[in-house]
Amino acid sequence: MHLIKSFFRLILLMIASNLAIIQLAQAAPYSGTIFFDPDIVTEDDVSLFSNIVYTGRGQRTVYDRRSSGNVTINAYLFQITFSNGQTCEAQVNPEFGRESARVEAEKYARYIGQLPLSVRNDLTHFIIHKGNNPWSGWDNWILIHTGKTPEYLRLGIVEETIIHEGVHATLDRYHQNNANWQNSQSRDGRFISDYGEEYPVREDFAETYLTWLAVRVKRDRISSSDFNTITSTVPNRLSYLDNQGFDLYPLSSQSQSLAELQSPSPGSRLTNSSETFRWSSIDSDIWLSVGTEQGGNSIYDRNVSGLTQQRVDNLPTNGSSVYVRLWTYVDNSWKYKDYDFSTGGGTHSGLAQITAPRPNSTIENTSVVFEWSSTNNDVWLSVGDASGGNNFFNRNVSGQNSQRVNNLIINGDNIYVRLWTWYQNRWQYEDYTYQTVSNQDGLARLTSPDPNSVIRGGATTFRWTPIDNDVWLSVGSSQGGKDLFDKKVAGQQGQYVDNLPTNGRTIYLRLWTWYQSRWQYIDYQFSSASR
């Protein structure tokens, strides 16, 4: 009997051991992929950072991990230019001071310049705060807390962290809920990291992207053991990423040449049953598929090699989604880029619509209130001087039906408004265009203090450009108000104004010029503070 019990104990022990081995085999190989190799990208790798220009101070609503939420700061702003012509804005917390802010902006701009173009293309700005808090990325921005940098430098993972957060900022929205990506997750049956496994939607794509870069572009920098681990753990995810046609320059010496859809704008709404799709010219075979599901081709599926556009008929107009897959034959295989659109004419019930000013109308003043239809969904407003741009305004305006945008440039060029709505589990947008009058060269313009800056001590001297026309200055505690100062200042180039608030209230200034037989104005605003 004792022998039989011992035998069964041995069998149970072997079963337990085998279960432990099986469980161990399915465990993620890494805790987090930014830590597995510090040399995937190094400080010696090429950066496309080219130039930095200080553009002044401006109010920006930004995320700050120290307060676990959004804060509004009068940021130091810098335009960052890269050697491929792209730009983005550095928004630096005023806690640094102007000179230190420039140093910090330039330091991190170089890291940003190392990002693959596929990651950096949609990046609009990066934010710099003090504080020993983890970095972050979301919704076209990267957040940096400089107090965390020494730790990242010690571990050698500054570059890897920038890539990880950059993927969150620009690529997540296109892939983390993509059906093909989710299918690749299921087929793999494992995760590359504990972090990705804990947050399979939020983190797994960014966690996998970095290892994909390592095995596909920086194979010589990682060990054979890591290479084998990655390729055996997530082969289907790697295949998915291979098929996206990501432009990896400058990390890769060659920029993958895939055709890219140029119009209609990805994510926009198709209002008609027929649409002409246009793409970039490329010396490769191209195939166009259009369907009502991701990767589908029920509406159109043909070789369009040698063309740069194709009209597609029989599109739905009932508010459902249309999916476009543009294939390119490159490196002896077909690779594709996916795009999606909403459909339906008139006002879409789920998307906010601009109601004022009337689309395609003319804007005459530098300050305009944009109004839109009511919706229960989140809304984001972007205003810029280029289609899809946001250099004038770029903020979440959820819960509002209007927003005043100041400091518009009125010079005869167009102003572009993009109104985003979070609808059907993704951001969708409507574009609007406005003309501006071209007669502003005859108007006085404020030269100091800087627009959106802080006026301290309850008094300042406002100065403007010299001009032969009559000028009138109004200063108030509301937009267009004049309760603080209201006088004709013709023949002057400056005016001292006291009795200004010192309690944080906004100060509004309207500078009038008698031009072309009528009074015209430019609006400015400032913050107030005590000495």
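First things first, this report covers the structure right here in the doc. Everything numeric here is computed off the predicted structure, so don't read it as measured data. Just so you know, the residues in each chain are numbered from 1, in the order the chain's sequence is written. Local features in a predicted model are, by the rule used here, given only for residues with pLDDT of at least 70; side-chain atom pairs are given and counted only at 80 or more, and totals for whole chains, interfaces and linings are based on all residues. Hydrogens and waters are ignored; side-chain quantities use all the structure's heavy atoms.

## Here we look at the nonpolar core
Selection criterion: In these notes, a set of buried Ala, Val, Leu, Ile, Met, Phe, Trp, Tyr and Cys residues joined through side-chain atoms within 4.5 Å is what counts as a nonpolar core. Exposure is judged per residue with a 1.4 Å probe applied to protein chains only, and the accessible area is read against the type maximum: over 50% gives exposed, under 20% gives buried, and values in between give partly exposed. Elements are defined by DSSP. Helices are runs of H or I of four residues or more, strands are runs of E of two residues or more, and each kind is numbered from the N terminus. Residue contacts are defined here by distance: any two heavy atoms, one from each residue, within 4.5 Å place the two residues in contact.
One finds F78, I80, F126, I163, F205 and Y209 to be the most contacted residues of the largest nonpolar core, which totals 58 residues. Tallying contributions element by element places helix α9 (residues 204–216) first for this core, with eight residues. Y209 has contacts with P116, S118, V119, I163, V167, L171, L241, F246 and L248, leaving out every residue within four places of it along the chain. Counting 21 residues, the second-largest nonpolar core is a separate cluster that includes F370, F393, Y434 and V437.

## Observations concerning the packing of helix α5 (residues 158–170) against α9
The cut-off we apply is this: Working convention: axes come from line fits to C-alpha atoms, limited for helices to the stretch in contact. Angles between N-to-C directions cover 0 to 180 degrees. What sets the label is the angle itself: under 35 degrees gives roughly parallel, over 145 gives roughly antiparallel, 65 to 115 gives roughly perpendicular, and the rest give oblique. Left-handed describes a crossing whose near helix is turned anticlockwise from the far helix by less than a right angle; the clockwise case is right-handed.
At a minimum axis separation of 9 Å, α5 and α9 run at an interaxial angle of 130°. As judged from the angle between their axes, α5 and α9 are oblique. As for how α5 packs across α9, the hand of that crossing is right-handed. When α5 is examined against α9, the residues E160, I163, H164, V167 and H168 are found in contact with a partner set consisting of F205, A206, E207, Y209, L210 and L213.

## Looking at the pairing of strand β28 (residues 494–497)
Heads up, the rule is: Any two strands are treated as partners once DSSP identifies two or more bridges connecting them.
Taking every second residue as pointing to the same face, the buried face of β28 carries Q495 and V497, while none of G494 and Y496 on the other face is buried. Bridging between strand β25 (residues 460–464) and β28 involves four bridges; their strand directions are antiparallel. Across the sheet, F462 pairs through a bridge with Q495, a residue of β28.

## Considerations on helix α2 (residues 98–112)
The line we're drawing: Given a helix with a known number of residues, its expected span is that number minus one, times 1.5 Å. Think of it as the arc spanned by the lines of direction from the helix axis to the C-beta atoms.
Spanning 15 residues, α2 covers 21 Å between terminal C-alpha atoms, matching the ideal 21 Å at 1.5 Å per step. Those residues of α2 not exposed but buried are A101, E104, A105, Y108, A109, Y111 and I112. Projected down its long axis, α2 carries its buried residues within an arc of 150°, all on one side. Within α2, the exposed residues directed more than 90 degrees away from the buried face are E99 and V103.

## Description of the sheet that holds strand β2 (residues 69–82)
Read across the sheet, six strands follow the order β1-β2-β3-β4-β6-β5 without closing on themselves; strand pairing throughout is mixed. Of all the strands in the sheet, just β1 (49–64) and β5 (136–138) have a single pairing partner and so form its edges. Averaged over neighbouring strand pairs, the angle between their axes works out to 20° when direction is ignored. In terms of strand pairing, β2 meets strand β3 (residues 87–92) through six bridges, oriented antiparallel. Directly across from T81, in β3, lies its bridge partner T87.

## So, the pattern of salt bridges
How we decide: Criterion for a salt bridge: a side-chain nitrogen of Lys or Arg within 4 Å of a carboxyl oxygen of Asp or Glu.
One pass over the full model with this rule turns up 17 salt bridges. The partner of D45 in a salt bridge is R221, and the shortest N-O contact between them spans 2.7 Å. Highlighted residues: D45 in the loop between α1 (2–26) and β1 and R221 in the loop between α9 and α10 (224–233), separated in sequence by 176 residues. The class for D45 is buried, based on a relative accessible area of 10%.

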